[in-house]
Amino acid sequence: MNIRLMLSLLLVCGMQAAAQKLSGPVLCGSGVCDEQALQQEMSINRELYGDNYTAYQMPRRALSPAPEGYAPCYMSHYGRHGSRYLIGKNVYERPYEVLKEADGKGMLTELGLRLLGQLDTIRRDARGHIEELTLRGAQQHQQIAERMYRNFPEIFGGSKKIDARSTPVVRCILSMANETMTLQGLNPQLEIAMDASAGDKYYLNYNDERLRKERRPKGSAADSALTVFEKRHYDPTRLMNTLFREESYWREAVKDAWQFAAVDIWKVVADMQSTELRYGMPMDGYFTDEELYNLWLIKNAGWYVTHGPSPLTGGRQVFFQRNLIGNIISTADSILGEGREMRDEGREMRDEGAAMKSQPTREGTVDEGREMRGEGREMRDEGKPLAASLRFGHEVVVMPTVCFLNLNGYGAQYEDLESLAANGWHDNRIFPMASNIQMVFYKSNGSLPASPQGEKETGISGKSGISGKDGNSGKTGISAASKPILVKVLLNEEETVMPQLTPVTGCYYKWEDVKDYCLKKLATFEE
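A brief report on the enclosed structure follows.

Parameters at a glance
Residues numbered from 1 in each chain as written. Predicted model: local features only at pLDDT ≥ 70, side-chain atom pairs only at ≥ 80, totals over all residues. Heavy atoms only, no water. Axes fitted to C-alpha atoms, helices over the stretch in contact; angles between N-to-C directions. Helix = DSSP H or I, 4+ residues; strand = E, 2+ residues; numbered from the N terminus. Parallel < 35°, antiparallel > 145°, perpendicular 65-115°, else oblique. Contact = heavy atoms within 4.5 Å. Nonpolar A, V, L, I, M, F, W, Y, C, P; charged D, E, K, R; others polar. Buried < 20%, exposed > 50% of the residue type's maximum accessible area, 1.4 Å probe, protein only. Pairing = 2+ DSSP bridges. 1 Å grid on protein atoms, 1.4 Å probe; cavity = no way out; pocket = protein on both sides within 12 Å on 5 of 7 lines; lining within 4 Å. Points joined across faces, edges and corners; volume = space filled by probe spheres on them. Core = buried A, V, L, I, M, F, W, Y, C linked by side-chain atoms within 4.5 Å. Salt bridge = Lys/Arg side-chain N within 4 Å of Asp/Glu carboxyl O.

**A few points about the packing of helix α10 (residues 221-233) against helix α14 (residues 289-307)**
Right, on to step 1. Between α10 and α14, the shortest axis-to-axis distance is 9 Å and the interhelical angle comes to 170 degrees. In terms of their interaxial angle, α10 and α14 are classed as roughly antiparallel. Touching Ala222, Leu226, Phe229, Glu230 and His233 of α10 are Asn294, Leu297, Ile298, Ala301, Gly302 and Val305, all from α14.
Right, on to step 2. Here the contact of α10 with α14 is composed, by residue class, of 7 nonpolar, 3 polar and 1 charged.

Structure representation (structure tokens):
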């Protein structure tokens, strides 16, 4: 085993073992959180201070067994890219240049010189790799794939199809590749189709300019509240005085000391965990634990307001990625409840393609016909059912989607930003690097297709997706009402609850209830 990887695993295990000594797991999501326990957990596992730069955390709980008589049949997934270098060509250079200038004037303390040297090492390491996936990011997706395969053999075992889509961003494409290649290695029978097209961005990473402008416009209530919150929770004076020899110097030379300390330096410190430099160059000594906790509170509040359900922005930001919700619903319904329609459409496309081939009236018609016949054949291929839809993108998609679905109560609205941590609203548990939402669908064993040949109508309502349309011979006598399709949602591989809905059992919900909730909520959004 790679020595660095071994050391990393030992470090993670050590932190998790230490965390077990706490009085109990820190509650995230809806409910009351013990802030003292939260601060203790973060002081032990310092990666959690990193906010959206937090490395992926190992699942803390085992998954519950499927309800009696049910088996997983399909997964709908959205995942963030893994750990990466910082974004922005000057993100490493900006703080380095400030300290380099001060050093030239003899104004750096010993700690300031140490930071200058570390920034020089980091910027050289990052040269040519700005915003790219790191080795740790690749490993995160490999490990997630291994657990997905192990947790859901019914989905990823045997001869199945997987459809994987990514935004056309290199770190996302490589994240998709690491995850799918690992699955392929575990099961060579999988037929995996991958794509990374700008044509899919409308649902993989939609950019709603109007909602974007509503996030934190200058002078708005949101901007005023966040500005007050930021100044209340962090004062850069202590750090600046430990980096520079004279306070009068930095007050004149550094245009915005808060930005320099709480953003420029903090980002580099927070993201160090993403790189291999973390083994030999720890960036401790710049912020105290109390300061790091308060800086996390600031980042946490910022994400809540700009990408979450905050009443300061009218609760509208949770609709930012509404196209993804629509894609999840339509894709799931096409896989689970519209099998016959898909076969019929495939037959029509095949026939239309054949007709186009026989009448090549314009350039490209033969190729189009061949392509349509291929798509039709693929849609009718029941020998390899689509087992999973894997989507890869960014944290700005994960956050509003989690809040829209109200997973673990993350869609709750709080007037007071000071109450977020106490109410369990912790963004580092929502969207760490490689964060993911796994919607796992379950069908009754009796409703699973008995063979790939049955197209006989049974007269059973297709509302829940259990009908002769998906290959049931009609001999089981199972009604859609008594055996509905179920779904459970995992956030970072941990089971969640949706407090707005009533589960069938545990964390398992009727798909129709989840879909109905989503559609009704979407209908309330005004452009």
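So, next bit.
**Observations regarding unusual backbone geometry**
Right, on to step 1. Positive phi outside glycine occurs at Asn408, with the angle close to 55 degrees.
Right, on to step 2. For Asn408, a relative accessible area of 17% translates into the label buried.
Right, on to step 3. Phi is positive for Ala434, which is not a glycine, with a value near 70 degrees.
Right, on to step 4. Relative to the helices and strands, Ala434 is located in the loop between α18 (395-405) and β5 (436-444).
Right, on to step 5. By relative accessible area, which is 1% here, Ala434 ends up buried.

**Thoughts on the pairing of strand β1 (residues 70-80)**
Right, on to step 1. Most of β1 sits out of view: 10 of its 11 residues are buried.
Right, on to step 2. Summarising the sheet, β1 and β5 pair through 9 bridges and their orientation is antiparallel. For Ser76, the partnering residue across the bridge sits in β5 and is Met439.

**Examining the layout of surface pockets**
Right, on to step 1. The calculated volume of the second largest pocket comes to roughly 610 Å³.
Right, on to step 2. Lining the second largest pocket we find 21 residues, and of these Arg46, Glu47, Gln273, Pro282 and Met283 sit closest to its centre.
Right, on to step 3. Only α1 (3-19) and α13 (257-271) provide two or more residues apiece to the lining of the second largest pocket.
Right, on to step 4. For the lining of the second largest pocket, the leading source of residues is α13, giving 3 residues.
Right, on to step 5. Split by residue class, the lining of the second largest pocket holds 14 nonpolar, 3 polar and 4 charged.

**Quick word on the pairing of strand β4 (residues 386-393)**
Right, on to step 1. The buried count for β4 comes to 7 of 8 residues, which makes it a mostly enclosed element.
Right, on to step 2. For β1 and β4, the ladder comprises 6 bridges, and the chain directions are parallel. Considered in β4, the bridge of Tyr78 is made with Arg391.

**Regarding the nonpolar core**
Right, on to step 1. The biggest cluster of nonpolar side chains holds 103 residues, and the ones touching the most others in it are Tyr234, Phe244, Phe287, Trp425, Phe441 and Trp511.
Right, on to step 2. A total of 11 residues in this core trace back to one element, the largest contributor, which is α13.
Right, on to step 3. In terms of nonpolar packing, the next biggest core, distinct from the first, is built from 25 residues, Ile144, Ala164, Val440 and Tyr508 among them.

**Focus on the pattern of salt bridges**
Right, on to step 1. Applying the stated rule across the entire model yields 30 salt bridges.
Right, on to step 2. Measuring nitrogen to oxygen at the nearest pair gives 3.2 Å for the salt bridge that ties Arg123 to Glu93. Of this pair, Arg123 sits in helix α4 (residues 110-126) while Glu93 is found in helix α3 (residues 93-104), placing the two residues 30 residues apart along the sequence.
Right, on to step 3. Judged by its relative accessible area of 12%, Arg123 is buried.
Right, on to step 4. Measuring nitrogen to oxygen at the nearest pair gives 3.5 Å for the salt bridge that ties Lys105 to Glu101.

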